[in-house]
Amino acid sequence: WFSAKMGRRPAENAAGGREPRPRPWGYAPKARGGSAPSDGELTEVDAARAAALAMAAAGADWVDVGGESTRPGARPVCVADECARVVPVLEAVVGPLREAGALVSLDTSKAAVARAGLAAGVAMINDVAAGRDPEMFACVAEAGAALCLMHMRGDPQTMQQEPAYADVLDTVIAFLERRMAAACAAGVDEAAIVVDPGVGFGKTVEDNCQLLRGLERIVAATGRPVLVGVSRKSLIPALLDAPCAAAERDAPSHLLHAALAPRCDILRVHDVAGARRAVRLAGAISPGMPGP
């Protein structure tokens, strides 16, 4: 499904070899609306377009656009506000990104927002709530779009309030299998589904580590491409036991990207070029890893 949708095979590098797996999925800054810019300043749409095209130029196959924060403690955004934030950005980036060889996913858990995004040309809905909105799966199926299903305990406001699992890996796998079955029953093409274990979404540091160690089990159980997002997450300073601002987390993020490369299919990253370099370097010296 994904190769056909992209309209091309994975690009070849300068030496004629295949590009390394996993493929990069660029994470665009969340659209937030806000006041009009002063003279000489870029509008949010202009800035988003520039950032998205830069990600595509750096090698991103997908660029993820969203209008609602999903960080721990984040407050929900109503449908009207979320549409007002994302639709102008989508209208500005979908066409240019397609010309650049990349596709757009929309990060939303609301079917009404998904419909607006699909009408604007997005190719995938990235649903962190995995179809909690009862109309989401039918909406995606009707559009013939792709769907990313993520595990999250509760919602962003509550997910980090004492998360506990008997076995986090078993729980996440069972959840993803159930949501895949429900999506397929609603008409979503199974070949167009991606799964995400939801690192940082209602998990302790050790839960996150167990999920990352067990990615092969998730791949085997679901049979679908697995997306992993660790870029700039609070997991990094927690593991380092040292304060580290989000803007300073790219280097340790890329160490994780290199280590995770043989275990997943898609990496959701902020710094696309850096992530690709890290994966390529690791692959050049590590048996069994994707190389140059």
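See the structure printed just above.
Residue numbers run consecutively from 1 along every chain, following the written order of its sequence. Only residues with pLDDT of 70 or above have their local features reported here, since the model is predicted, and side-chain atom pairs are shown and tallied only from 80 upward, although totals for entire chains, interfaces and linings are computed over all residues. No hydrogens and no water enter the side-chain calculation; it runs on all heavy atoms of the structure.

Draft legend 1. Up close: the overall build of the protein chain. In this description a helix means any DSSP run of H or I spanning at least four residues, a strand means any run of E spanning at least two, and both kinds are numbered starting from the N terminus. Scanning the protein chain from terminus to terminus reveals eleven helices and eight strands. Burial classes follow relative accessibility: with a 1.4 Å probe on protein chains only, a residue under 20% of its type's maximum area counts as buried, one over 50% as exposed, and anything between as partly exposed. The buried share of the protein chain, taken over its 292 residues, is 50%. The contact criterion used is simple: two residues touch if any of their non-hydrogen atoms lie within 4.5 Å. Restricting to contacts in the protein chain with at least 6 residues of sequence separation, those with at least 24 account for 68%. For the protein chain, the computed accessible surface area is about 13,000 Å², with 53% contributed by carbon and sulfur atoms. Areas reported here follow the Shrake-Rupley algorithm with a probe of radius 1.4 Å; residue values treat only the protein chains shown as occluding.

Draft legend 2. How the structure looks around the packing of helix α4 (residues 111-119) against helix α5 (residues 136-143). Here α4 crosses α5 at 15°, and the two axes come no closer than 9 Å. Relative to α5, the element α4 is oriented roughly parallel. In the crossing of α4 with α5, the sense of the turn from one axis to the other is right-handed. Note on element contacts: α5 touches α4 through Met 136, Cys 139, Val 140 and Ala 143, opposite Ala 111, Ala 114, Arg 115 and Leu 118. Here the contact of α4 with α5 is composed, by residue class, of seven nonpolar, no polar and one charged. Inter-axis angles, ranging from 0 to 180 degrees, are taken between N-to-C directions of lines fitted to C-alpha atoms, where helices are fitted over the stretch in contact. Note on terminology: angles under 35 degrees are roughly parallel, angles over 145 are roughly antiparallel, angles of 65 to 115 are roughly perpendicular, and the others are oblique. Should the near helix be turned anticlockwise from the far one by less than a right angle, the crossing is termed left-handed; should it be turned clockwise, right-handed. In this classification, Asp, Glu, Lys and Arg are treated as charged, Ala, Val, Leu, Ile, Met, Phe, Trp, Tyr, Cys and Pro as nonpolar, and every other residue, Gly included, as polar.

Draft legend 3. Representation of unusual backbone geometry. The phi dihedral of Ala 130 is positive, around 55°, even though this residue is not glycine. Positive phi values are uncommon outside glycine, yet Arg 232 reaches one of about 60°. Looking at where Arg 232 falls in the secondary structure, it is placed in the loop between β7 (227-228) and α9 (235-240).

Draft legend 4. Up close: the side chain of Thr 108. Within the fold, Thr 108 resides in the loop between β3 (103-107) and α4. Residue classification places Thr 108 among the buried residues on the basis of a relative accessible area of 1%. N or O atoms within 3.5 Å of each other form a polar contact, as long as, within protein, one can give a hydrogen and the other can take it, and as long as residues adjacent in sequence are counted only when both atoms are side-chain atoms. In terms of polar contacts, Thr 108 uses its side chain to reach the side chain of Glu 82, at 2.8 Å. A polar side-chain atom of Thr 108 sits 3.2 Å from the main-chain amide nitrogen of Lys 110. Aside from chain neighbours lying at most four places away, what touches Thr 108 is Glu 82, Val 113, Ala 114, Ile 125, Asn 126, Asp 127 and Met 136.

Draft legend 5. Quick look at the pattern of salt bridges. Salt bridge, as used here, is a side-chain nitrogen of Lys or Arg placed within 4 Å of a carboxyl oxygen of Asp or Glu. Scanning the entire structure with this criterion turns up eight salt bridges. A salt bridge links Lys 110 to Glu 68, with the shortest nitrogen-to-oxygen separation between them at 2.9 Å. Here Lys 110, found in the loop between β3 and α4, pairs with Glu 68, found in the loop between β2 (62-66) and α3 (79-99); they are 42 residues apart in sequence, far enough to count as distant. For Lys 110, a relative accessible area of 14% gives the class buried. Between Lys 110 and Glu 82 there is a salt bridge, with the nearest N and O atoms lying 2.7 Å from each other. Of the two residues, Lys 110 is situated in the loop between β3 and α4 and Glu 82 in helix α3; the sequence distance between them amounts to 28 residues.

Draft legend 6. Highlighting the pairing of strand β8 (residues 266-269). The two faces of β8 match: Ile 266 and Arg 268 on one face and Leu 267 and Val 269 on the other face are all buried. Strands qualify as paired when DSSP identifies two bridges or more between them. With four bridges joining them, strand β1 (residues 23-27) and β8 adopt parallel strand pairing. Within the sheet, the bridge partner assigned to Arg 23 lies in β8 and is Ile 266. Note: β7 against β8, two bridges, orientation parallel. Residue pairing across strands places Val 228 opposite Leu 267, the latter belonging to β8.

Draft legend 7. A look at the nonpolar core. Core analysis: the biggest nonpolar cluster contains 62 residues, and Ile 125 and Val 228 have the highest contact counts within it. Val 228 has contacts with Leu 212, Leu 215, Leu 260, Cys 264, Ile 266, Leu 267 and Arg 268, leaving out every residue within four places of it along the chain. Buried Ala, Val, Leu, Ile, Met, Phe, Trp, Tyr and Cys residues that are joined via side-chain atoms within 4.5 Å together make up what is termed a nonpolar core. Core analysis: the next-biggest nonpolar cluster, separate from the first, contains eleven residues, Leu 103, Ala 146, Ala 192 and Leu 227 among them.

Draft legend 8. Region of interest: the side chain of Arg 224. Along the chain, Arg 224 turns up in the loop between α8 (215-222) and β7. The charge count includes Lys and Arg as positive and Asp and Glu as negative, but it does not include His or the ends of the chains. For the buried residue Arg 224, which engages in no salt bridge, the nearest side chain bearing the opposite charge is Glu 190, 5.4 Å off. Here Glu 190 takes part through its backbone oxygen, which lies 2.9 Å from a polar atom of the side chain of Arg 224.

Draft legend 9. Region of the structure containing the packing of helix α2 (residues 44-58) against α3. Interaxial distance between α2 and α3 falls to 9 Å at its minimum, and their mutual angle equals 30°. With respect to each other, α2 and α3 are oriented roughly parallel. For the pair α2 and α3, the sense of crossing is right-handed. Where α2 approaches α3, its residues Val 45, Ala 48, Arg 49, Ala 52, Leu 53 and Ala 56 are matched on the opposing element by Pro 88, Val 89, Ala 92, Val 93, Pro 96 and Leu 97. Residues that form the contact of α2 with α3 fall into these classes: eleven nonpolar, no polar and one charged.

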